[in-house]
Amino acid sequence: MKLRNIFDKKTVFSFEVFPPKKTSNINTVYRTLEELEGLTPDFISVTFSAGGSGNSALALDIASKIKEGNKVEPMIHLPCINYSKAEIENVLSELDTRGIENILALRGDINPDIPPKNDFKYASDLISFIKEHGDYDIAGACYPEAHIEATDMVEDILNLKKKVDAGADHLISQLFFDNDMFYKFREKTQLAGINVPIEAGIMPIMNKSQIERMVSMCGASLPQKFVKVMQRFEHNPEALRDAGIAYAIDQIVDLLANGVDGIHLYTMNNSYVAKKISDAVGSLINKK
C-alpha cells in the first residue's frame, strides 16, 4: 500500500528502525519489530547505508520482514550520493521483487572517506529518477531549522520546493526539540506553495551523548526547558530516559493539538520507549 493514501484518512503515526551493526545479531531487530507491531503504526521506516557500511542488504531484509512477517507497511530509506544510476535501478528492481512501494529519497550524508558518485547531486535528482522508473510513494526529508549545509532558511525552503515539484508525495522532518521552530517552518512551507503532508520527527532523549551527537549532525537547537532536563538527570540513566519520554509526549500532544499531519518517532530500536509514548498518545491519533 502506498503511504500517500493514509494521510487523507488520519493523523499518521510511524516509527523508524535501523539495521544492527555487523557484530550484532539481526534477531535483536526482529524482536523489536514484533514489539513495535503490537503498537499498530501506520508504517515503519528502515535506514539504508549511504555507502560503505554494508548494511544495505540487511535493510532490505528488515523491510521485507516488516511487510510479510509483521504485516506493517515498510518504507525504505534510499540515499543517492554514493550510488550510480545503475545501482539505484538495481535497488528499485529489488524493491519491486519484494513488493516494497514506499521510499524515503535522500541525498545521504557525505562521507569524507568515500568519494561521492556524480549521478545524483541532490535528493530532488533522485526523486525525479525514481518517478521515471515506477509508481512508488516517495517521501522527502525536511529540516525545521534548515539543513546544516544550507546558507539560510530561504535557500533550504527553495530546495525543499524542488523536491516536492520533482514528485515527493509527503515529507518527514528531521528531529527537533522546540515545537515553535516546527510551526514557523510549516508556515514558511505553506507560503512557498509546499502543500504536501509533513510528519514531525520526534526523538526521545535516552542519553546525553546520543542527543549531543544528533544535534551536532543536524543542528537542532535546544530550548532551555530541554537543557534543564538533561542537566538535572544526566547522571541518572533511568530518570533521564523517563524524563525524555515525558518530554517527547509533551511535544507530541502539542503537535497533535496544532493539527500536525503525522508523528514519525525515531525509536533508536528501543521498543520500551516507543510503547510508553504510543500508550500515552494513542487515543489522540484521530481519523480525519
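Residues numbered from 1 in each chain as written. Predicted model: local features only at pLDDT ≥ 70, side-chain atom pairs only at ≥ 80, totals over all residues. Heavy atoms only, no water.

Colleague: What am I meant to see in the overall build of the protein chain here?
Modeller: Broken down by element type, the protein chain carries 10 helices and eight strands. Here the protein chain has a C-alpha radius of gyration of 18 Å; the compact-globule value for 288 residues is 19 Å, and the two agree. Taken along the three principal axes of its C-alpha coordinates, the protein chain extends 50 × 45 × 45 Å. Sorting the 288 residues of the protein chain into buried and exposed places 53% on the buried side. A total accessible area of about 13,200 Å² is found for the protein chain, and carbon and sulfur atoms account for 50% of it. Considering the protein chain, the positive charge centre built from 32 side chains and the negative charge centre built from 40 side chains are found 3 Å apart. (Helix = DSSP H or I, 4+ residues; strand = E, 2+ residues; numbered from the N terminus. Rg over C-alpha atoms; globule rule 2.2 N^0.38 Å. Buried < 20%, exposed > 50% of the residue type's maximum accessible area, 1.4 Å probe, protein only. Areas by Shrake-Rupley, 256 points an atom, 1.4 Å probe, with all protein chains shown as cover. Lys, Arg positive; Asp, Glu negative; His and termini not counted. Charge placed at Lys NZ, Arg CZ, Asp CG, Glu CD.)

Colleague: When you look at the pairing of strand 2 (residues 43-46) in this model, what are you seeing that I'm missing?
Modeller: Covered by surrounding structure in strand 2 are Phe43 and Ser45 together with Ile44 and Val46, the residues of both alternating faces. In this sheet, strand 2 lies alongside strand 1 (residues 12-17) in parallel orientation, the contact comprising four bridges. By the bridge assignment for strand 2, Glu16 is matched with Ser45. (Pairing = 2+ DSSP bridges.)

Colleague: Mind showing me how you'd approach the layout of surface pockets here?
Modeller: Each pocket or cavity is described by its volume, and for the second largest pocket that value is around 210 Å³. What lines the second largest pocket is a set of 11 residues, and nearest its centre among them are Phe13, Leu39, Thr40, Gly282 and Ile285. With three residues, the single largest contributor to the lining of the second largest pocket is helix 10 (residues 271-281). Taken together, the residues that form the lining of the second largest pocket break down as four nonpolar, three polar and four charged. (1 Å grid on protein atoms, 1.4 Å probe; cavity = no way out; pocket = protein on both sides within 12 Å on 5 of 7 lines; lining within 4 Å. Points joined across faces, edges and corners; volume = space filled by probe spheres on them. Nonpolar A, V, L, I, M, F, W, Y, C, P; charged D, E, K, R; others polar.)

Colleague: Hey, could you run me through unusual backbone geometry in this one?
Modeller: Trans is the common state for peptide bonds, and a negative phi is the common state for residues other than glycine. Despite not being glycine, Lys71 shows a phi value in the positive range, around 60 degrees. Considering the arrangement of structural elements, one finds Lys71 in the loop between helix 2 (56-69) and strand 3 (73-79). The phi dihedral of Asn269 falls on the positive side, at around 60 degrees, and the residue is not glycine. Position of Asn269 among the secondary structure elements: in the loop between strand 8 (262-266) and helix 10.

Colleague: Looking at this structure, I do not really get empty space enclosed by the protein. What am I missing?
Modeller: To find leftover empty space, a probe the size of one water molecule is rolled over the atoms. Counted under the stated rule, the structure contains one cavity of 30 Å³ or more. Quantified by volume, the largest cavity comes out at close to 50 Å³. In terms of lining residues, the largest cavity is bounded by Tyr143, Pro144, Glu145, Ala146, Gln174, Leu175, Phe176, Cys218 and Ala220. Residue composition of the lining of the largest cavity, grouped by class: seven nonpolar, one polar and one charged.

Colleague: Which parts of the structure should I look at to understand the pattern of salt bridges?
Modeller: As a working rule, side chains carrying opposite charge can pair if their charged atoms are close by. Evaluated as defined, the whole model comprises 18 salt bridges. Linking Lys67 and Glu73 is a salt bridge whose minimum nitrogen-to-oxygen distance equals 3.2 Å. Side by side, Lys67 and Glu73 carry an identical accessibility label, which is buried. Across the salt bridge formed by Lys117 and Glu87, the nearest N and O atoms sit 2.9 Å from each other. One end of the pair, Lys117, is in the loop between strand 4 (102-106) and helix 4 (123-132); the other, Glu87, is in helix 3 (residues 85-98), with 30 residues separating them in the sequence. Since its relative accessible area comes to 29%, Glu87 is described here as partly exposed. Each of Lys2, Arg4, Glu101, Asp135, Asp137 and Asp169 takes part in a single network of salt bridges with overlapping partners. (Salt bridge = Lys/Arg side-chain N within 4 Å of Asp/Glu carboxyl O.)

Colleague: How do you make sense of the sheet that holds strand 5 (residues 137-142) when you look at a structure like this?
Modeller: Two orientations exist for strands paired in a sheet by backbone hydrogen bonds: parallel and antiparallel. Reading around the circumference, 1-2-3-4-5-6-7-8 is the order of the eight strands in this closed barrel, with parallel pairing throughout. Between one strand and the next, the sheet's axes are offset by a mean angle of 25 degrees, whatever the strand orientation. Where strand 2 and strand 3 come together, four bridges link them in parallel fashion. Bridging across to strand 3, Ile44 finds its partner in Pro74. With respect to the sheet, helix 4 is in contact with strand 3, strand 4 and strand 5, its orientation differing from that of strand 4 by roughly 145 degrees. (Axes fitted to C-alpha atoms, helices over the stretch in contact; angles between N-to-C directions. Contact = heavy atoms within 4.5 Å.)

Colleague: Hey, could you run me through the environment of Asp135 in this one?
Modeller: Relative to the assigned elements, Asp135 resides in the loop between helix 4 and strand 5. If we skip the residues at most four places from it in the chain, Asp135 touches Lys2 and Arg4.

Colleague: Explain the packing of aromatic side chains here, please?
Modeller: Where two aromatic rings form a pair, the distance of their centres and the angle of their planes describe that pair. Scanning all chains against the criterion turns up seven aromatic pairs. Ring centres 4.3 Å apart and planes at 40 degrees place the aromatic pair Phe177 and Phe226 in the tilted group. Here Phe177, found in the loop between strand 6 (170-175) and helix 6 (179-191), pairs with Phe226, found in helix 8 (residues 224-233); they are 49 residues apart in sequence, far enough to count as distant. Considering the side-chain rings of Phe226 and Tyr247, the 5.2 Å spacing of their centres and the 80 degrees angle between planes classify their relative orientation as edge-to-face. A residue pair is termed long-range when its members are at least 10 positions apart, and Phe226 in helix 8 and Tyr247 in helix 9 (residues 237-257) qualify at 21 residues. For the pair Phe226 and Tyr247, one class covers both residues: buried. (Phe/Tyr/Trp six-rings, centres within 6.5 Å; stacked < 30°, edge-to-face > 60°.)

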